[in-house]
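Listed below, chain by chain, are the residues.
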Amino acid sequence: AQSVTQLGSHVSVSEGALVLLRCNYSSSVPPYLFWYVQYPNQGLQLLLKYTTGATLVKGINGFEAEFKKSETSFHLTKPSAHMSDAAEYFCAVSGGSNYKLTFGKGTLLTVNP
Amino acid sequence: NAGVTQTPKFRVLKTGQSMTLLCAQDMNHEYMYWYRQDPGMGLRLIHYSVGEGTTAKGEVPDGYNVSRLKKQNFLLGLESAAPSQTSVYFCASRQGGGPNQPQHFGDGTRLSIL
């Protein structure tokens, strides 16, 4: 069985500040991890994915995530927030049969001017 | 390249009515999925398909049926709609290969059951 926990349902930052969105996972098999972003009234868009062997993963729009096996974490960061980053972010893990995704409950990111 | 297209985008139903949501993908993907998204719940898998002519239950399948008669289409049916099925429904597809292949999502169908 696999699960994802996103700490903090709502994160608020100032424009230009560091963005840190937390994700912890549980998986009985080697995890394949993803971060998706959802802008208002849109579908989910892939930000980045974890590939075995690389601990730091770079994605689109300046985001990156660090895989830490010892902490079972895959936190998402961006050095400097932009107003256009305001959206909901989902961490997901793929594993087991038929590569089904298990999603966290999401973190809504607000960027204040 | 349209990717994953969902129709309709919005719908309002009365309790007990039936309807079908259509998902079409033009990427020749093998796998297709239907999710529902509810506030504070993330996305939950309803049904999925690993190829033309196959379907399987996900996490929350009750009250829904699906069909995949053509590889590019995945239909989600509500036989007798209930208010608890008010939600945003997302379709996704992925190609075959390893578990690190991402899913590609449509823009969703917003469904209200009165």
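Note: the structure precedes this text.
Just so we're clear, the structure is a prediction, and the values are computed from it rather than from any experiment.

**Q** I'd like a rundown of the sheet that holds strand β1 (residues 2-7) of chain A, residues and numbers included.
**A** Residue and element names in this part refer to chain A. A sheet is described by the order of its strands in space; here 5 strands give the open sequence β1-β3-β8-β7-β6, paired in antiparallel fashion. One side of each edge strand has no neighbouring strand; the edge strands of this open sheet are β1 and β6 (56-58). Going from strand to strand, the sheet's axes swing by 20° on average, the running direction of each strand aside. In the sheet, β1 pairs with strand β3 (residues 19-27) via 6 bridges, with the strands oriented antiparallel. Following the sheet pairing, Leu7 is matched in β3 by Arg22.

**Q** Describe the nonpolar core, with residues and values.
**A** Grouped together as the largest cluster of nonpolar side chains are 27 residues, with contacts concentrated most on Trp35, Leu47, Leu48, Phe74, Leu76 and Tyr89 of chain A. Broken down by secondary-structure element, the contributors of at least two residues to this core are β2 (10-14), β3, β4 (32-38), β5 (44-49), β7 (64-68), β8 (73-78), β9 (87-94) and β11 (107-112) of chain A. Among the nonpolar cores identified, the runner-up in size contains 19 residues, and Met19, Tyr64, Ala81 and Ile113 of chain B belong to it.

**Q** Lay out the interface of chain A and chain B with the relevant residues and their values.
**A** Every contact between the two is made by 22 residues of chain A and, on the other side, 24 residues of chain B. Roughly 1,900 Å² of surface becomes buried between chain A and chain B when both sides are summed, with 58% attributable to carbon and sulfur atoms. For the pair chain A and chain B, the interface holds 3 residue pairs in polar contact (both at pLDDT 80 or more). Contributions of two or more residues to the side of chain A that touches chain B are made by β4, β5, β9 and β10 (101-103) of chain A. The biggest single contributor to the side of chain A that touches chain B is β4 of chain A, with 4 residues. Counted by class, the side of chain A that touches chain B contains 10 nonpolar, 8 polar and 4 charged residues.

**Q** Just give me the short version of the environment of Leu101 of chain A, but keep the residues and values in it.
**A** Its location among the elements puts Leu101 of chain A in strand β10. Residue class for Leu101 of chain A comes out buried when judged on its relative accessible area of 7%. Every residue in contact with Leu101 of chain A, bar those within four places of it in the chain, is listed here: Phe34, Tyr36, Ala92, Val93 and Ser94 of chain A together with Tyr35 and Gln103 of chain B.

Cut-off values and rules
- Residues numbered from 1 in each chain as written.
- Chains lettered and ligands numbered in written order.
- Predicted model: local features only at pLDDT ≥ 70, side-chain atom pairs only at ≥ 80, totals over all residues.
- Heavy atoms only, no water.
- Pairing = 2+ DSSP bridges.
- Helix = DSSP H or I, 4+ residues; strand = E, 2+ residues; numbered from the N terminus.
- Axes fitted to C-alpha atoms, helices over the stretch in contact; angles between N-to-C directions.
- Core = buried A, V, L, I, M, F, W, Y, C linked by side-chain atoms within 4.5 Å.
- Buried < 20%, exposed > 50% of the residue type's maximum accessible area, 1.4 Å probe, protein only.
- Contact = heavy atoms within 4.5 Å.
- Buried area = accessible area lost by both parts, 1.4 Å probe.
- Polar contact = N/O pair within 3.5 Å; in protein donor to acceptor, adjacent residues only side chain to side chain.
- Nonpolar A, V, L, I, M, F, W, Y, C, P; charged D, E, K, R; others polar.

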